[in-house]
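# Commentary on secondary and tertiary structure
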Amino acid sequence: MIIKFFFFSKENSTLISVRDKIKNVFLTFLLCSSLLSQEEKPLFLIENPLEGKKILMNKGCINCHSVYGAGGKLAPDLSLKGKAYTFYELAGLFLSHSPQMVEALELRGYEWPIFTPEEMSELFGYLYLLNYFEEPGEFHKGKIIFQNVCIKCHSLQGKGGKRGPPLDAYANYVSPIQIAVGLWNHGPKMARALKSEGLTIPFLTGEDIKDILAYIRGVSKKSESPWFITVGNPLLGEKIFKDKKCTLYHSVQGKGGKIASDIKKITSQNVSDIVALFWNHGMTMWKEMEKIGFPFPKFTQEEMSNIVAYLYFVKYFDEPGDPLKGEDIFVSKGCVHCHEKGKVGPELVGEVLKSPFHFASSTWNHIPLMKALSEQRGIPWPRFEGNEMRDLVAYLRKKYKEENEKNK
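So, a few notes on the structure that sits alongside this text.

About the thresholds
Residues numbered from 1 in each chain as written. Predicted model: local features only at pLDDT ≥ 70, side-chain atom pairs only at ≥ 80, totals over all residues. Heavy atoms only, no water. Helix = DSSP H or I, 4+ residues; strand = E, 2+ residues; numbered from the N terminus. Buried < 20%, exposed > 50% of the residue type's maximum accessible area, 1.4 Å probe, protein only. Contact = heavy atoms within 4.5 Å. Areas by Shrake-Rupley, 256 points an atom, 1.4 Å probe, with all protein chains shown as cover. Phe/Tyr/Trp six-rings, centres within 6.5 Å; stacked < 30°, edge-to-face > 60°. Lys NZ or Arg CZ within 6 Å of the ring centre and 35° of its normal. Axes fitted to C-alpha atoms, helices over the stretch in contact; angles between N-to-C directions. Parallel < 35°, antiparallel > 145°, perpendicular 65-115°, else oblique. Nonpolar A, V, L, I, M, F, W, Y, C, P; charged D, E, K, R; others polar. Salt bridge = Lys/Arg side-chain N within 4 Å of Asp/Glu carboxyl O. Disulfide = S-S within 2.5 Å.

## A look at the overall build of the protein
Of regular secondary structure, the protein possesses 18 helices and 6 strands. Looking at the protein residue by residue over its 408 residues, the buried ones come to 50%. Taking the intrachain contacts of the protein between residues at least 6 apart in sequence as the baseline, contacts between residues at least 24 apart amount to 77%. As presented, the protein carries roughly 21000 Å² of accessible surface, and 56% of it is formed by carbon and sulfur atoms.

Below you can see the structure in the form of structure tokens.
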């Protein structure tokens, strides 16, 4: 279904026409969203994060925006300067900068793109994924780390230690996922060997992992073509995380084991950082497993790809918001002028609050009308930073729940 929006100015629109169109668009949105499945997936998980790229192309976003330099130059690059924004941070950014988008599209005669909740979920998931891939490491830094740490046990092109296997084969892998498999699966054996030799177990950062991989690729004379690993499936990664009994040790958002840290608190924001966590955190975990006789879980390459994707997307969704702060935001941002019961805009209840994706798509879809109305009434356009959007939604959910309980 395609819905055309009409743009209003103070000269050719009235408060009544804006109100009627808001209601019509809102009712149409409710009709469309009611066709969606009533059963929600886990909020922070997406089956295929790359699907959002199709949305970016099909909705015409790429005509104005670029991704890592590829695409339009009219609007900012959507790679967002290396920061992986959470869902509500993205929703706040989109809303804050939308008046300029409305004007740019109107000037060029483009229709305002409409998103279903599912499309909004996929688009935001893809934008979050963009920081999954890091910039390549630095060869010279990797050389220093390799010669100070790795060479004592491992060799490249026949030069180095013999305690561990040669690392030439890793030159074919662009992603650090394969290194993660080796570090984890052979970790306990490596730790024992280092200890028996009186060597210090090295602490590695995500940057170290990238630099070591860059050095291996630069030195090795392997003739095979580079082998790329596709982005893992976060939903499958969650299943692997449970099947391997990781939840006996770790909790996720407070649910699960309490022996080790909550995954959401320790997971970092890119693949190399997560791989480094596997190594650094593994030392303590392996000792605990041996202590209680827990079978050591190993991962295949595909399993590791999926579980790293899962750990990456754990932070895609925000922590619960603060309803008290959200109430202040509802007033200070001017939402109260239009969205209280009986006022011009629709009350933000029901289907709109069914999921964050419903809220984000509903907000986006009637931005042109919001802009027209705010200009008519002299209300400054709301701009959201940090956790403000998250707190606002927490307030709306609390308010709606309380009203429902009163009406029972």
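## Section: the environment of Ile 62
Locating Ile 62 in the fold gives a position in the loop between α2 (52–58) and β1 (66–67). What makes Ile 62 buried here is its relative accessible area of 17%. Once the C-alpha coordinates of Ile 62 and Asp 77 are considered, the two residues, 15 residues apart in sequence, prove to be 9.5 Å apart. In this structure Ile 62 touches Leu 56, Met 57, Val 67, Ala 70, Gly 71 and Gly 72, once residues within four positions along its chain are discounted.

## Notes on unusual backbone geometry
One non-glycine residue with positive phi stands out, namely Tyr 68, at about 50°. Along the chain, the position of Tyr 68 falls in the loop between β1 and β2 (70–71). Judged by relative accessible area, Tyr 68 falls into the partly exposed class, the value being 44%.

## Examining the packing of aromatic side chains
Scanning all chains against the criterion turns up 30 aromatic pairs. Geometrically, the ring pair formed by Tyr 88 and Phe 317 is edge-to-face, given 5.9 Å between the ring centres and 70° between the ring planes. With a gap of 229 residues between them, Tyr 88 in helix α3 (residues 87–96) and Phe 317 in the loop between α13 (301–313) and α14 (323–332) connect regions that are remote in the sequence. The class of Phe 317 is buried, set by a relative accessible area of 6%. Between Lys 59 and the ring centre of Phe 115, over which it is positioned, the NZ or CZ distance is 5.4 Å. Lying across the ring of Phe 384, Lys 333 places its NZ or CZ 5.4 Å from the centre.

## Focus: the packing of helix α10 (residues 234–243) against α13
Contact pair α10 / α13: the axes reach a minimum separation of 7 Å and the direction vectors enclose 100°. What the angle tells us is that α10 and α13 run roughly perpendicular. Together, Pro 234, Leu 236, Gly 237, Glu 238, Ile 240 and Phe 241 of α10 and Glu 303, Asn 306, Ile 307, Ala 309, Tyr 310, Leu 311 and Phe 313 of α13 make up the contact between the two elements. A per-class count over the contact of α10 with α13 returns 9 nonpolar, 2 polar and 2 charged.

## Considering the pattern of salt bridges
All chains considered together, the criterion is met by 15 salt bridges. One salt bridge connects Arg 163 with Glu 197, and the closest N-O pair in it is separated by 3.4 Å. Here Glu 197 lies in the loop between α8 (187–196) and α9 (206–219) and Arg 163 lies in the loop between β4 (159–160) and α7 (177–185), a separation of 34 residues in the sequence. What makes Arg 163 partly exposed here is its relative accessible area of 48%. Its salt-bridge partner being Glu 388, residue Lys 333 comes within 3.1 Å of it at the nearest N-O pair. Of this pair, Lys 333 sits in the loop between α14 and α15 (336–339) while Glu 388 sits in helix α18 (residues 388–407), and the two are 55 residues apart along the sequence. Because the salt bridges share partners, they merge into one network encompassing Glu 103, Lys 371 and Glu 375.

## Quick look at the state of the cysteines
This structure, assessed with the given rule, holds 0 disulfides. Here Cys 153 stays unpaired: no disulfide links it, and the sulfur of Cys 150, its closest cysteine neighbor, is 8.9 Å away.

## Quick look at helix α16 (residues 356–365)
Burial runs high along α16: 10 of the 10 residues are buried. Along α16, the residues classified as buried are Pro 356, Phe 357, His 358, Phe 359, Ala 360, Ser 361, Ser 362, Thr 363, Trp 364 and Asn 365.

## Focus: the packing of α3 against helix α4 (residues 98–108)
The geometry of α3 relative to α4 is characterised by a closest axis approach of 5 Å and an angle of 50° between their N-to-C directions. Regarding the angle of α3 to α4, the classification is oblique. Only Ser 98, Pro 99, Gln 100 and Met 101 of α4 make contact with α3, whose side of the interface consists of Phe 94, Leu 95 and Ser 96. Its residues placed into classes, the contact of α3 with α4 shows 4 nonpolar, 3 polar and no charged.

## Digging into the environment of Met 304
Here Met 304 is to be found in helix α13. Residue classification places Met 304 among the buried positions, given a relative accessible area of 0%. The spatial distance from the C-alpha of Met 304 to the C-alpha of Ile 240 is 9.0 Å, given a sequence separation of 64 residues. Those residues in contact with Met 304 that lie beyond four places of it in its chain are Ile 177, Ala 180, Val 181, Trp 184, Phe 278 and Phe 299.

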